[in-house]
Amino acid sequence: MLELQLAWRNLLRQKRRSILTGISIAGGYFLITFAVSLIEGSYGNMIEIFTRDRVGHVQLHAPDYRVQPRTQRVIRESSQVVSSLQSAPNIVGVAPRVLSAALAYGEEKSSPVQVVGIDGQLEASVTHLREKVTEGIYLSEAVAGPNTPAMIGLGISRALGISVGDGLVLIGQGADGSIANDLYEVVGVVGNEKSSDRMTVYLPLSAAQAFLALDDAVHQIALRLDDIGDASAAAEDLQQQFPNLEVSPWQVIESTFYQTMQADREGNKFGLGLIIFLVFIGVLNTVLMSVLERTREFGVLRAMGCRPGKLVQLVALETVMLASAAIAVGLLAVFPLVYWFTNVGFELADPIDMGGVAFSHYRGMLSAYVLFMPMTLILVSALVVSLPPGWRAARVRPVEAMRHY
Amino acid sequence: MLILKLAFRNLLRNTRRTALTCLLLTSALVIMILMDGMMVGVSRLMVDSLTDTLEGEAQIYHQGFRERFDPSLYLDNTVPLREVLALDQDVRAFSERVMTPAMLASSYATQGVMIYGIDHEQEKAVSRIREAQVEGSPITKGSDLLLGDSLAEKLEVGLGDRIVLTTSSVEGNELVQRLFRVSGVLNFGPSELDDRLAFIDLEAAREMLMIGDGTHQFVIRFENRDRANEADLPLYDRVRNDQTAAEGWLKLQPSIGGMLEMTGFGRLILGLVLFLLAALGVVNSIFMSIYERLYEFAVTKAIGTRPWWIGRLIVLESLLMALASVAIGVLIAYFVGDYLEREGLGLGQMEVGGVVIPERIRPVMLINQFLEASWFLIGLTLLTALYPALYAAKITPAEAIKRSL
């Protein structure tokens, strides 16, 4: 206890110096925490957005389909695959999809479109498609009528001049090489002009399978896991379970984005390292100076029989105490900011395209990692910085030191 | 000159402290200069690759065309525009393009794409289509088609293979189909280009769309690129009307503009943070040196030195430290910057805003970066020295001269 008291008194004796050093430590903590929070949060938010928009956490395809998407490269007996996936404990959503390009005709105009066959109920367990409906109703809510229902992206609605209640003709090519064509009724319009699916027609899974002559086969199964952090591990496990299929986590599906994110993180780490380095030098400077200034005092302590080890301990204790107090202040200052960014954040006027994924929101992340990682980092560096001056203090020769003013 | 000598001696008296403070200032300066170089490097790279690849420095197009790339919004009165462009002093080169969404079908697969009708001769001076060609020859015949390498992979086609292009004509709204042969494969880099662009002959595209002499965009390169973003460029005024829009690249690519703005903002924040840390270090170190000399100051004051003389001495000392740091920092920054300009800094490949940023980023070092950062550092050091200088000037001899343990 005596050491604690001593260290505390020493800090208070030179309030100005303690406060100034404290400010640089608190400032360093504030900056690092805020930056880490923004980096983690913005990317976390982006990943959440695109996995919820269409990608899901893990996808299954027939081999080579991702590179060369032939209509014939399908996952056969898909209902069995889907039900076995649904029984897995860590999978919370399974969405089978059929994909193809086709030409869409409205009353007068035509346009090339992407056709996606979905099971409305299952799709909603993986993506937010249901929430994206802006006009009309969601696909699986359509009552059975004479025409097969379809949902279209806003881009198609504008390009073809059609909307809810209008007819839509699709012409494409079936898996067997036949010309596919059919009439559908638009029951809903999804998304906005910037959505990735603005030129997509959503059909009921069975209708799309019939359109492309696919029977029970699908092209893609998207999965949502209970924890996105497990995506890579889960994909590996599933690959064992389904050796005939290609299982890829989102990091592979959106590899360009993932690469960009990793590279950007490298750059950010570098920047954070530099800030820590500067805080480091600042703290070293003050601690060293405060020790040099107190040479006489340490000499007296030594003369009275204080052991060198105790002096090292004392200097280290002072520094760590100061750093802790400064971090507490920094925490108080940064917490509201991080909290606000986590819960509100702000949106960019013009989203930035990063490897095909829109970066649209600045968001923070509030987690133990964000708050404690910088804390540990700074405490440890403060401790390390205090050792050489402490050692210097411990080695003073009392006779010489006491001559020192 | 006495004061200069005194300041020097004072600094040299505690070389360790002076060295540490200078190290802090030097690091801040070096980091600032190099970071700035990096940011300029990345911004230039982005703007260059954006304007050089395909988009040009400015475009003339039908009002509203760029919102949805609706092919029915084309410029039909093109003859006067061509004359204006050909005669304008600022314009170095221009090219005309026709654009339409279409479906490409090979024997194996079908893909929705964006078709560009281009004039090969004109494009040479405007875009990098020629440089992006990795296989085959440029477009010379009406049946030639160039496409991105990943699109070619998806369609499973190579040089000389047949490909059917289906789209709807603008006038008459008829479905038009035409057979093309793959005459070349392109690699621009960004996946969004290589994935979904195909190029055909300008006249062939006009014929398919039945738009006569119409054009969707004039893409312009200027003699001096900086002029492109002048809102009141005479060229823009001459061609703008109810139907025709003309804009520089900054307006055409708001997300790049937003990003450049953000980079500028980031630079400011970084500068403030760095110098805040440096300033705290300087204040701390000056105070330390004042405390150490309290007795001395008290004595000099007691024998008649004026307060402002002491203040001046303190400011001069910090100025000397700043100058020394700038001298060393500029040298270090120059050599490190020079090395990085040659070798680049490896972070990993990124794709941002539709631009591929290569694995190794090279900074662009400008004389301004050195000057601005140096002035900033010197000014800031002087400013932060004022507070301790004031403190030193106001020392009361009677109190300071009392010595304690």
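The structure presented is a predicted model; accordingly, all values stated were derived computationally and were not measured.

The rules behind the values
Residues numbered from 1 in each chain as written. Chains lettered and ligands numbered in written order. Predicted model: local features only at pLDDT ≥ 70, side-chain atom pairs only at ≥ 80, totals over all residues. Helix = DSSP H or I, 4+ residues; strand = E, 2+ residues; numbered from the N terminus. Rg over C-alpha atoms; globule rule 2.2 N^0.38 Å. Buried ≥ 20, exposed ≤ 12 C-beta atoms within 10 Å, placed from the backbone. Contact = placed C-beta atoms within 7 Å. pLDDT = per-residue confidence, 0-100. Axes fitted to C-alpha atoms, helices over the stretch in contact; angles between N-to-C directions. Left-handed = near helix turned anticlockwise from the far one by under 90°. Nonpolar A, V, L, I, M, F, W, Y, C, P; charged D, E, K, R; others polar. Core = buried A, V, L, I, M, F, W, Y, C linked by C-beta atoms within 7 Å. Domains from an automatic or database assignment. Parallel < 35°, antiparallel > 145°, perpendicular 65-115°, else oblique. Pairing = 2+ DSSP bridges.

Student: Describe the overall build of chain A, listing the residues and the values that go with them.
Tutor: Secondary structure assignment for chain A yields 13 helices and 12 strands. The C-alpha atoms of chain A give 31 Å as radius of gyration, which overshoots the globular expectation for 405 residues (22 Å, by more than 25%). In terms of overall dimensions, chain A has a C-alpha envelope of 105 × 45 × 30 Å along the principal axes. For chain A, buried positions account for 46% of its 405 residues. Of the contacts formed within chain A by residues at least 6 apart in sequence, a portion of 80% connects residues at least 24 apart.

Student: Let's hear about the overall build of chain B: which residues, and what values?
Tutor: When its secondary structure is counted, chain B shows 16 helices and 14 strands. Here chain B holds 405 residues, and the buried ones make up 44% of them. Here the analysis covers contacts within chain B between residues at least 6 apart in sequence; of these, 81% occur between residues at least 24 apart.

Student: Quick rundown of the confidence of the model for chain B? Include the residues and the values.
Tutor: Should pLDDT be low for a region, the predicted coordinates there are not to be read in detail. Residues and elements named next belong to chain B. Taken over all residues, the pLDDT of chain B has a mean of 86, while the share at 70 or more is 99%. Highest mean pLDDT in chain B belongs to strand 8 (residues 197-201) (94); lowest belongs to strand 13 (residues 355-357) (73). Among the scores for the predicted complex, ipTM is 0.74 and pTM is 0.78.

Student: Go over the packing of helix 2 (residues 15-55) of chain A against helix 12 (residues 368-394) of chain A, please, and point to the residues and values.
Tutor: Residues and elements named next belong to chain A. Where helix 2 meets helix 12, the axes come as close as 9 Å, and the angle between the chain directions of the two elements is 145°. Between helix 2 and helix 12 lies a crossing whose hand is right-handed. Between helix 2, through Ile25, Gly28, Tyr29, Ile32, Thr33, Val36, Ser37 and Glu40, and helix 12, the contact on the second element is made entirely by Val370, Leu371, Met373, Pro374, Met375, Ile378 and Ala382. For the contact of helix 2 with helix 12, the per-class residue count stands at 11 nonpolar, 3 polar and 1 charged.

Student: Just give me the short version of the interface of chain A and chain B, but keep the residues and values in it.
Tutor: Taken together, the contacts link 60 residues of chain A with 55 residues of chain B. Among the elements of the structure, helix 2, strand 2 (91-105), strand 3 (110-118), helix 5 (154-160), strand 6 (167-173), helix 9 (255-293), helix 10 (295-303) and strand 11 (346-354) of chain A are those that each provide at least two residues to the side of chain A that touches chain B. Looking at which element gives the most residues to the side of chain A that touches chain B, the answer is helix 9 of chain A, with 21 residues. Classifying every residue of the side of chain A that touches chain B gives 27 nonpolar, 20 polar and 13 charged.

Student: How would you sum up the nonpolar core? Please name residues and give values.
Tutor: Ile25(A), Leu25(B), Ala28(B), Leu29(B), Leu274(B) and Ala278(B) are the most contacted members of the largest nonpolar core, which totals 127 residues. Those residues within four positions of Leu274(B) in sequence are excluded, and the remaining contacts are Leu278(A), Ala28(B), Ile31(B) and Met32(B). Val55(A), Val116(A), Ala217(A) and Ile253(A) belong to the second-largest nonpolar core, a separate cluster that totals 102 residues.

Student: Break down the domain arrangement of chain B for me, citing the residues and quoting the values.
Tutor: Many analyses report the size of an interface as the accessible area lost when the parts associate. Each assigned domain of chain B is listed with its residue range as follows: domain 1 (2-50 + 257-400) and domain 2 (64-241). On a C-alpha basis, the centroid separation for the pair domain 1 of chain B and domain 2 of chain B is 51 Å.

Student: Any chance you could break down the packing of helix 2 (residues 15-55) of chain B against helix 14 (residues 307-343) of chain B for me, citing the residues and the numbers?
Tutor: Residue and element names in this part refer to chain B. Their axes nearest at 8 Å, the elements helix 2 and helix 14 cross at an angle of 40°. Judged on the interaxial angle alone, helix 14 and helix 2 are oblique. As helix 2 packs across helix 14, the resulting crossing turns out to be right-handed. Contacts between helix 2 and helix 14 involve Thr18, Thr21, Cys22, Leu25, Thr26, Leu29, Val30, Ile33, Leu34 and Gly37 on the former and, on the latter, Met321, Ala322, Ala324, Ser325, Val326, Ile328, Gly329, Ile332, Ala333, Val336 and Gly337. Along the lines of polarity and charge, the residues of the contact of helix 2 with helix 14 split into 14 nonpolar, 7 polar and no charged.

Student: So what's going on with the pairing of strand 6 (residues 162-168) of chain B? Which residues, and what values?
Tutor: Residues and elements named next belong to chain B. The sheet contact formed by strand 2 (residues 91-105) and strand 6 spans 3 bridges and is antiparallel. In the strand pairing of strand 6, Leu104 is matched with Leu165. Count of turn residues in the strand 6/strand 7 (residues 175-186) antiparallel hairpin: 6 residues, of which Gly172 carries a positive phi of about 95°.

Student: Which residues make up the environment of Met365(A), and what values go with them?
Tutor: Residues and elements named next belong to chain A. Take Met365: it is sitting in the loop between strand 12 (357-362) and helix 12. On the basis of neighbour count, Met365 is assigned to the partly exposed category, with 19 C-beta atoms found within 10 Å. Residues Met365 and Ile39 lie 326 residues apart in sequence; the distance between their C-alpha atoms is 8.2 Å. With near-sequence residues (within four places) excluded, Met365 lies in contact with Ser37, Glu40, Gly41, Gly44, Thr342 and Val370.

Student: So what's going on with unusual backbone geometry? Which residues, and what values?
Tutor: All names here are of chain A. The phi dihedral of Glu77 is positive, around 45°, even though this residue is not glycine. By the element assignment, Glu77 lies in the loop between strand 1 (58-61) and helix 3 (78-86). The class of Glu77 is exposed, set by 12 C-beta atoms lying within 10 Å.

Student: Give a description of the environment of Val98(B) that names residues and reports values.
Tutor: Residues and elements named next belong to chain B. Along the chain, the position of Val98 falls in strand 2. Considered as a pair, Val98 and Asp119 are 21 residues apart in the sequence and their alpha carbons are 9.7 Å apart. For Val98, the residues in contact, after removing those within four places along its chain, are Gly117, Leu202, Ala205, Arg206, Leu209, Thr215 and His216.

Student: Describe the environment of Ile179(A), and please don't skip the residues or the numbers.
Tutor: Residue and element names in this part refer to chain A. With respect to the secondary-structure elements, Ile179 resides in strand 7 (residues 179-190). Along the sequence, Ile179 and Leu212 sit 33 residues apart, while their C-alpha atoms lie 8.8 Å from each other. Here Ile179 is in contact with Ile171 and Gln173, once residues within four sequence places are set aside.

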